[in-house]
Amino acid sequence: MDEDDEPESPTDVLSIWMRIRVLPATFTALSLAVALYAQSAPANPPRPGVTIPGVRRSMTELHPLATFDVEGHPDWMVVTDDSVWVTSSNVNHVIRLDAKTNRPTIIVNVKEPCSGLAAGFGSIWIPSCGSHTLVRVDPSNGKVLAELPVGPADSEGGITVGAGSVWMATDKKGVLARIDPQNNQVIAEIAIPSGSFVPAFADGAVWITSTEHSVLTRVDPASNKAVTKIAVGPQPRFLTVGAGSVWTLNQGDGTISRVDTKSNQVIATIQAGIPGTGGEIAFGEGSVWATVFQIPITRIDPERNSVVQQWTGAGGDSIRVGHGTVWLTDLAHGKVWRIDPHQP
């Protein structure tokens, strides 16, 4: 007892004794609650990948053309005409990687950058989960041009550009914001299915997945309305566009749904074996590329609608294609790899 503490009165002692009596029961109830939660809490399912002969290989067989050391946990990426930009949210950085010199150059300070990156209208657009804003940056010097008071609906989301606008989901209840880059103002808020977080632009429309409802929604920029909802695989989140299609990475079962942008129909369901949260998907160099932890690269041939190469091992989390190469983050080890897409 410290010298300044006064001795407890009999009432204080009784109160302490009662609290001590209650503690075992409290701990028992707490332990039971934790056990029940552990039994009911969803866990990431195993990622079996594919068993097609000759398709599986190890990440140790890959030899990157360039490796960038990035402080923190490199995650979201966007490709521009001369570079690739990557976020590192735990150190509040967005970094420019020069595609000609294979060197990092500009570092922009943004509080917890998250939910994707976009390039357009002479700017890099960076959602911030730390400040709940959208940060607009000059790619030539990294200067912040504007900070819009509109934040992403979820940290695991996305942002896109098209039809003269920037598009980002801003509310998990189902709101897609349309932002005018001329005045940095939200000019429309479009009702979409709840749990929609990742938009992409293709063939004159905005496409956005709803993880909650397992649908892909088509939004018409002319009317600012959701015009079509297409049932895809379970829990789609990340998506990409290419070869006349929208491709959704379905976290529920690890499949990839291919939706024709003309007919709004699912024309293929590809068994990739990569279920669970996280990951990303991109189109380029004639292929679809997906990434998740444990299986960092899955390459799909759009002509066959099947997985033709799949690498297992360490690495992964974000993937993009540009400048004739595949760009892959290794979030856990602070690296970005630049890879030749034409692997044997």
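What comes next is a walk through the structure. Just so we're clear, the structure is a prediction, and the values are computed from it rather than from any experiment.

1. Points about the overall build of the chain
- Regarding its fold elements, the chain presents 1 helix and 29 strands.
- The buried share among the 344 residues of the chain stands at 52%.
- Long-range pairs, those at least 24 residues apart, make up 44% of the contacts in the chain with a sequence separation of at least 6.
- Carbon and sulfur atoms make up 52% of the accessible area of the chain, which amounts to about 15900 Å² in all.

2. As for the pattern of salt bridges
- Inspection of the entire model under this criterion finds 6 salt bridges.
- With its nearest N and O atoms 3.2 Å apart, the salt bridge here joins Asp98 to Arg96. For the pair shown, Asp98 and Arg96 are each scored as buried.
- Ionic pairing is found between Arg237 and Asp154, a salt bridge with its closest N-O pair at 3.4 Å.

3. Considerations on the environment of Gly284
- Counting through the fold element by element, Gly284 comes out in strand β23 (residues 280-284).
- A C-alpha to C-alpha distance of 9.8 Å links Gly284 and Thr240, two positions 44 residues apart in sequence.
- If sequence neighbours within four positions are ignored, Gly284 has contacts with Trp289 and Val321.

4. Re unusual backbone geometry
- You will see that Gln235, though not glycine, has its phi angle at about 55°, which is positive.
- Mapped onto the elements, Gln235 comes out in the loop between β18 (225-231) and β19 (236-242).
- Classification of Gln235 as partly exposed rests on a relative accessible area of 38%.
- Phi is positive for Glu285, which is not a glycine, with a value near 55°.
- Relative to the helices and strands, Glu285 is located in the loop between β23 and β24 (287-292).
- Classification of Glu285 by relative accessible area gives partly exposed; the value is 39%.

5. What to know about the state of the cysteines
- The final tally for this structure, using the stated rule, is 1 disulfide.
- One disulfide bridge connects Cys114 with Cys129, the sulfur atoms lying 2.0 Å from each other. Classification of the bridge connecting Cys114 and Cys129 rests on its S-S torsion, roughly 90°, and on that basis the disulfide is right-handed. Here Cys114 is found in the loop between β6 (103-109) and β7 (118-120), whereas its partner Cys129 is found in the loop between β8 (123-128) and β9 (133-137), with 15 residues between them in sequence.
- Overall, the relative accessible area of 6% leaves Cys114 in the buried class.

6. A short note on the pairing of β19
- Across the 7 residues of β19, 6 count as buried, placing the element largely inside the fold.
- Where β19 and strand β20 (residues 245-250) come together, 5 bridges link them in antiparallel fashion. Residue pairing for β20: Gly242 is matched across the bridge by Ser245.
- Counting the residues in the hairpin turn of β19 and β20 gives 2 residues, including Ala243, whose phi is positive at 55°.

7. Some remarks on the packing of aromatic side chains
- Applying the stated criterion to the full structure yields 2 aromatic pairs.
- Measuring from ring centre to ring centre gives 5.8 Å for Trp76 and Phe238, while their planes differ by 50°; the resulting arrangement is tilted. One end of the pair, Trp76, is in strand β3 (residues 74-79); the other, Phe238, is in strand β19, and 162 residues separate them in sequence.
- Classification of Phe238 by relative accessible area gives buried; the value is 2%.
- The lysine or arginine in question, Arg57, covers the ring of Trp311, its NZ or CZ lying 5.4 Å from the ring centre.

8. Description of the environment of Ile106
- The residue Ile106 is located in strand β6 in this model.
- C-alpha separation for the pair Ile106 and Trp85, spaced 21 residues apart in sequence, amounts to 9.2 Å.
- With residues up to four places along the chain from it excluded, the contact list for Ile106 reads Trp85, Val94, Ile95, Arg96, Pro139, Ser140, Asn141 and Gly142.

Each value, and the rule that gives it
Residues numbered from 1 in each chain as written. Predicted model: local features only at pLDDT ≥ 70, side-chain atom pairs only at ≥ 80, totals over all residues. Heavy atoms only, no water. Helix = DSSP H or I, 4+ residues; strand = E, 2+ residues; numbered from the N terminus. Buried < 20%, exposed > 50% of the residue type's maximum accessible area, 1.4 Å probe, protein only. Contact = heavy atoms within 4.5 Å. Areas by Shrake-Rupley, 256 points an atom, 1.4 Å probe, with all protein chains shown as cover. Salt bridge = Lys/Arg side-chain N within 4 Å of Asp/Glu carboxyl O. Disulfide = S-S within 2.5 Å. Pairing = 2+ DSSP bridges. Phe/Tyr/Trp six-rings, centres within 6.5 Å; stacked < 30°, edge-to-face > 60°. Lys NZ or Arg CZ within 6 Å of the ring centre and 35° of its normal.

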